[in-house]
Amino acid sequence: MPGMISEPELDGQWEAGRPPGPAVEPDAPRERVRGPRRAWLGALGGAVAASAVWAGVLTVQDRFGDAAPRIAYRHVEDLCKLGLPAVSASTTQLTGDYGRHEEHPALDWAYCAHGAPYTEGRLSFDAEVLVQLHKKDDPRTEFGAGPTGLGGIGAMAGSGGEVEQVPGLGERALLTSRVGGSRLEVLDGGAVFSLTVQWYGGPDTADPDEDAVRAAMIEDMRALMAALRK
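Residues numbered from 1 in each chain as written. Predicted model: local features only at pLDDT ≥ 70, side-chain atom pairs only at ≥ 80, totals over all residues. Heavy atoms only, no water.

A few points about the environment of Asp78
Along the chain, Asp78 falls in the loop between α1 (46-64) and α2 (85-90). For Asp78 and Gly96, which are 18 residues apart along the polypeptide, the C-alpha to C-alpha distance reads 9.6 Å. A distance of 3.2 Å separates a polar atom in the side chain of Asp78 from the backbone nitrogen of Cys80. (Helix = DSSP H or I, 4+ residues; strand = E, 2+ residues; numbered from the N terminus. Polar contact = N/O pair within 3.5 Å; in protein donor to acceptor, adjacent residues only side chain to side chain.)

What to know about the confidence of the model for the protein chain
Looking at the protein chain, pLDDT values average 75 and 64% of them are 70 or higher. Least confident of the elements in the protein chain is α1, whose mean pLDDT is 38; most confident is helix α3 (residues 210-228), at 98. Taken together, the stretch residues 153-159 has pLDDT below 50 and engages in 26 contacts with residues farther than four places along the chain or on a different chain. (pLDDT = per-residue confidence, 0-100. Contact = heavy atoms within 4.5 Å.)

Describing the packing of aromatic side chains
Here a ring pair, both rings aromatic, is described through the centre-centre distance and the interplanar angle of the planes. Applying the stated criterion across every chain yields a total of three aromatic pairs. Ring geometry for Tyr98 and Tyr111: centres 6.3 Å apart, planes at 70 degrees, overall edge-to-face. One end of the pair, Tyr98, is in strand β2 (residues 95-103); the other, Tyr111, is in strand β3 (residues 107-115), and 13 residues separate them in sequence. The burial state of Tyr98 is the same as that of Tyr111; both residues are buried. (Phe/Tyr/Trp six-rings, centres within 6.5 Å; stacked < 30°, edge-to-face > 60°. Buried < 20%, exposed > 50% of the residue type's maximum accessible area, 1.4 Å probe, protein only.)

Quick word on the nonpolar core
Counting residues in each nonpolar core, the largest one holds 36 residues, and the members touching the most others are Leu79, Leu169, Leu184, Phe193 and Met221. Contributing elements (two or more residues each) for this core: α2, β3, β4 (124-134), β6 (172-178), β7 (181-188), β8 (191-200) and α3. Those residues in contact with Leu169 that lie beyond four places of it in its chain are Leu184, Val186, Ile218, Met221, Arg222 and Met225. Judged by nonpolar contacts, the second largest core, of six residues, contains Tyr98, Tyr111, Ala113 and Leu130. (Core = buried A, V, L, I, M, F, W, Y, C linked by side-chain atoms within 4.5 Å.)

Section: the pattern of salt bridges
Scanning all chains against the criterion turns up nine salt bridges. Asp188 is the salt-bridge partner of Arg229, the closest N and O atoms lying 3.7 Å from each other. Of the two residues, Arg229 sits in the segment after α3 while Asp188 sits in strand β7, which places them 41 residues apart along the sequence. By relative accessible area, which is 7% here, Asp188 ends up buried. Within this structure, Arg70, Asp138, Arg140, Glu171, Asp188 and Arg229 form a network of salt bridges that share partners. (Salt bridge = Lys/Arg side-chain N within 4 Å of Asp/Glu carboxyl O.)

Considerations on the side chain of Asp126
The topology assignment puts Asp126 in strand β4. By relative accessible area, Asp126 is classed as buried at 13%. Within the structure, Asp126 has its side chain in polar contact with the side chain of Tyr200 (distance 3.2 Å).

Right, dumping it as structure tokens:
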């Protein structure tokens, strides 16, 4: 079970790879957009067939009608403009170097990769932000169920790490920490927000204040959600 962390104090290498990211041109974040299942009535008779048809109608209405997830946030085309001021203050000055966005009937998403120039003898930092607005499928059934390995938002390689719940942030928020980075994921209705911060350095390079970095991630996430709220 995930642990709990309090605010603003926090009690507490993953592989490279980023879906939508600078190295690989993605078509969209790796989210499954599911369609209605086909009902195969076969040779059912009378009342049984009618019941099956009615159940199928209810299923379609539930998935694509009144049960569409609530979205209290707007889509933004240039996510990089919002920046990561708190994370930059706790690490190094990060700038939004690469942004992408797409809009689809079932899913709108916006992405930004942040980086900083390399400095000899100092830690290198990068960050990724992804905002997904699920307009048909409810993301709550799958939130937090995937691998927790870092190495870019949506990276599927690797798992493990320490996972903690963050209270007071959306409907549910999970903070995953591993050697060399942290990821904060927030679910709020049909919106899913992800912020990943990673750092790299030589064997003699001092590690950052990880508690300060995680606190900054929560601060920037809160500001991002407020900026995009309708």
